[in-house]
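Listed below are the residues making up each chain.
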Amino acid sequence: MAIKVIDEKCIGCSKCQKSCPFDAITIENKIAVIGDACTNCGTCIDVCPTDAILQEGTEKIIRDLSMYKGVWVFAEQREGKIMPVVFELLGEGKKLANEIGTELCAILCGSNVAGLTDELIAYGADKVYLADAPELEKYTTDGYSKVINEAIGVYKPEIVLYGATHIGRDLAPCLAVKVNTGLTADCTKLEIDPDDKKIRQTRPAFGGNLMATIVCPGSRPQMSTVRPGVMDKAVYDPTKKGEVIKLNAVFAEGDIRTKVLEIVKTTADIISISDADFIVAGGMGLGKPEGMELLQQLADKLGGTVAASRACVDAGWADHNIQVGQTGTTVKPQIYFACGISGAIQHIAGMQESDLIIAINKNENAPIFEVADYGIVGDLYKVIPAIIDELNK
Ligand SMILES: Cc1cc2nc3c(=O)[nH]c(=O)nc-3n(C[C@H](O)[C@H](O)[C@H](O)COP(=O)(O)OP(=O)(O)OC[C@H]3O[C@@H](n4cnc5c(N)ncnc54)[C@H](O)[C@@H]3O)c2cc1C
């Protein structure tokens, strides 16, 4: 046992017991006793008011966290185009970096992607780490994780942020294991603890019924995947200067075990509700799949796109790519029409940051009206054609 209690100093206050993530501490005869469930994490040492707890032995190497500096953003690109979530991560990363007093960096992998570094710098990166190699043209877990793992080993960032895209969700856990650090998936809020400057990562858990705030006290870098559409985009400043650092992206035979044969895009992939300024979303109140066509007419009038609740997707009326909500996409359009959507918490989680919410629902007590800026109580099949008529005038 490497965690030890000095009995003479222990006052039995039970602070260590409450702090132990593994319920390994009991108070016996007003003295803390460390049990078998102890993982030697050291959390109890920090909370003890009388310095009665010590860590002995070498079972867990306490890393020198002061060596880790900088907030990094994984600059995911596809076919030479930076994913929109990267600009959101740079915006959020800048705030975090300013609060810690460190620099904001981007890490970019791909083939012939050096031209994208200026854009990353204009969106706030002080430095861009660039891994440019033919082997990185298409995303592979092995290829990307190898170069980023090596870069983390050399440059030691304090925080690394990834978009919670399919690629980010694949890459981040692989790297967290390689680097032996903590990762919080699908975060919706990030903030710096003013006391110890660690990042507090908040994400919905248990079907959105609980918001869990997670910290990574003893390992570096602290890593999060962040939900696209939740954070504000960085401001674009073409005059901003930054440094590009080339990484050594060299691969041996067998380093990359996956061979990408073909990338097939569905039509639905091309429609992006996360970028739309106007969204007309429908729910079960449509009553039938054909109701989506009426929504499309309103969306076309506004130059926007249609979206749906999960219930509609489950019913087969809409594709998952246009599902708004906790298990779908988070959107922040200028106007969000919620038509025949009751306003379940899991739906609201994905659209409540919209600039203006207009709800159309037959039931005046529907929870959607609690988040709506304008509410229309009525049958959507009467209200939407009336809105279209007015827009036509
Ligand atoms: C783990 C988990 C994750 C989830 N993730 C999501 C998610 O990402 N996105 C999501 O949307 N849901 C999600 N859900 C489901 C969510 O809890 C709700 O079941 C769902 O949002 C309800 O969809 P709805 O509002 O379309 O349908 P309903 O709740 O059935 O509401 C239909 C509404 O239409 C109104 N209405 C009926 N007829 C008309 C009419 N003619 N005109 C006007 N109004 C009418 C009714 O008054 C009612 O308010 C999730 C659930 C779980 C458990």
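Keep in mind the model is a prediction, meaning the values are calculated, not measured.

Here is what the cut-offs are and how they apply
- Numbers given for residues are sequential positions, taken from 1 along each chain in its written order.
- Per-residue local features are limited, in this predicted model, to residues with pLDDT of at least 70; the limit for side-chain atom pairs, both in listing and counting, is 80 or more; totals at the level of whole chains, interfaces and linings are taken over all residues.
- The side-chain numbers reported here are obtained from all heavy atoms of the structure, hydrogens and water having been left aside.
- Helix and strand assignments come from DSSP, with helices taken as H or I runs of at least 4 residues and strands as E runs of at least 2, each series counted from the N terminus.
- Multiplying 1.5 Å by the residue count of a helix minus one yields the expected span of that helix.
- Exposure classes here rest on a 1.4 Å probe applied to the protein chains alone. A residue is buried below 20% of its type maximum, exposed above 50%, and partly exposed in between.
- DSSP bridges decide pairing: two strands pair if at least two such bridges lie between them.
- Each axis is a line fitted through C-alpha atoms, taken for helices only over the stretch in contact, and angles between the N-to-C directions span 0 to 180 degrees.
- Two residues qualify as a contact provided that any one of their heavy atoms is within 4.5 Å of a heavy atom in the partner residue.
- One side-chain nitrogen of Lys or Arg within 4 Å of one carboxyl oxygen of Asp or Glu is enough to make a salt bridge.
- Here the bounds of each domain stem from an automatic or database domain assignment.
- Classification used: nonpolar for Ala, Val, Leu, Ile, Met, Phe, Trp, Tyr, Cys and Pro, charged for Asp, Glu, Lys and Arg, polar for all others including Gly.
- The definition of a right-handed crossover adopted here requires that, viewed with the strands pointing away, the path from the first strand over the helix to the second runs clockwise.
- Here, the term disulfide refers to a pair of cysteine sulfur atoms separated by no more than 2.5 Å.
- Any angle that is under 35 degrees is reported as roughly parallel, and any over 145 degrees as roughly antiparallel; angles of 65 to 115 degrees are reported as roughly perpendicular and all others as oblique.
- Here is the rule for handedness: rotate from the far helix to the near one, and if that takes an anticlockwise turn smaller than a right angle the crossing is left-handed, while a clockwise turn gives right-handed.

**Some details on helix H3 (residues 84-100)**
Structurally, the α-helix is built with 3.6 residues per turn, so residues lying three or four positions apart point the same way. Under the 1.5 Å per step criterion, the end-to-end length of H3 is 25 Å for 17 residues, consistent within 8% with the ideal 24 Å. By the criterion of burial, H3 is predominantly enclosed, with twelve of the 17 residues buried. Immediately beyond the C-terminal end of H3, within one or two residues, lies Gly101, with a positive phi of roughly 80 degrees.

**A short note on unusual backbone geometry**
The linkage connecting Arg220 with the following residue, Pro221, adopts the cis geometry, with an omega of -5 degrees. With respect to the helices and strands, the residue Pro221 is situated in the loop between strand S14 (210-214) and strand S15 (222-226). In this structure, Lys30 takes a positive phi of about 65 degrees despite not being glycine. Of note, Lys30 is situated in the loop between strand S2 (25-28) and strand S3 (31-34). Even without a glycine there, the phi angle at Asp186 is positive, about 60 degrees. Secondary-structure assignment places Asp186 in strand S11 (residues 183-187). Asp186 sits in the buried class, given a relative accessible area of 13%.

**Let's talk about the sheet that holds strand S5 (residues 71-74)**
Strand order across the open sheet formed by seven strands is S11-S15-S10-S5-S8-S9-S16, with parallel pairing between neighbours. At either margin of the open sheet sits one strand with a lone partner, and together these are S11 and strand S16 (243-246). Across this sheet, the average inter-strand angle for adjacent strands is 20 degrees, counted without regard to direction. Bridge analysis of S5 against strand S8 (residues 104-110) gives four bridges, and the strand direction is parallel. In the strand pairing of S8, Val71 is matched with Leu104. Strands in contact with helix H5 (residues 141-155) are S5, S8, strand S9 (127-132), strand S10 (159-163) and S16; relative to S8, the strand with the most contacts, it is inclined by about 150 degrees. Here helix H6 (residues 166-179) sits on the sheet and contacts S5, S10, S11 and S15; the angle it forms with S10, its principal contact strand, is near 150 degrees.

**Structural notes on the pattern of salt bridges**
Pairs can form between side chains of opposite charge whenever their charged atoms are close. What the rule picks out here adds up to 15 salt bridges. Arg257 is the salt-bridge partner of Asp142, the closest N and O atoms lying 2.9 Å from each other. Taken together, the residues Asp142 in helix H5 and Arg257 in the loop between S16 and helix H7 (267-270) connect sequence positions 115 residues apart. The closest approach of N and O atoms between Asp186 and Arg227, which form a salt bridge, is 3.4 Å. Linking Asp186 in strand S11 with Arg227 in the loop between S15 and S16, this pair joins segments that are 41 residues apart in sequence.

**A closer look at the domain arrangement of the protein**
Here the protein is described as being made up of domain 1 (2-56), domain 2 (71-246) and domain 3 (273-392). The C-alpha centroid of domain 3 is placed 32 Å from the C-alpha centroid of domain 2. Contacts between domain 2 and domain 3 engage nine residues on the former and nine residues on the latter. The interface formed by domain 2 and domain 3 contains one salt bridge. Its salt-bridge partner being Asp232, residue Lys332 comes within 3.0 Å of it at the nearest N-O pair. The residue inventory of the side of domain 2 that touches domain 3, partitioned by class, reads four nonpolar, three polar and two charged.

**Regarding the sheet that holds strand S17 (residues 278-282)**
For sheets, the rule is that strands pair by backbone hydrogen bonds, running either parallel or antiparallel. One open sheet accounts for five strands, arranged S18-S17-S19-S20-S21; its pairing is parallel. Whereas interior strands pair on both sides, the edge strands pair on one side only; in this sheet they are strand S18 (305-308) and strand S21 (374-377). Here the average twist between neighbouring strands, direction ignored, is 20 degrees. Relative to strand S19 (residues 335-339), S17 runs parallel, the two sharing five bridges. Bridge pairing in S19 links Ile279 to Tyr336. Contacts from helix H8 (residues 291-302) reach S17, S18 and S19, with the element oriented near 140 degrees to S18. Most of the contacts of helix H12 (residues 380-392) go to strand S20 (residues 356-361), to which it runs at about 135 degrees, and overall it touches S19, S20 and S21.

**Digging into the pairing of S9**
Counting buried residues in S9 gives five out of six residues, a clear majority hidden from the surface. Looking at chain direction, S8 and S9 are connected through six bridges and run parallel. Bridging from a neighbouring strand, Ala106 pairs with Val128 of S9. Handedness of the S8-helix H4 (residues 117-122)-S9 crossover: right-handed. Direction of pairing for S9 relative to S16: parallel, over a ladder of four bridges. Considered in S16, the bridge of Tyr129 is made with Ile245.

**Topic: the state of the cysteines**
Tallied over the entire structure, the rule returns zero disulfides. Among the cysteines around Cys312, which has no disulfide bond, Cys339 carries the closest sulfur, lying 10 Å off.

**Side note on the packing of H8 against H12**
Between H8 and H12, the shortest axis-to-axis distance is 10 Å and the interhelical angle comes to 25 degrees. The orientation of H8 relative to H12 falls into the category roughly parallel. Note that H8 runs across H12; the crossing there is left-handed. In contact with Gly291, Leu294, Leu295, Gln297, Leu298, Lys301 and Leu302 of H8, H12 contributes Leu380, Tyr381, Ile384, Pro385, Ile387, Ile388, Leu391 and Asn392. In the contact of H8 with H12, the residues fall into eleven nonpolar, three polar and one charged.

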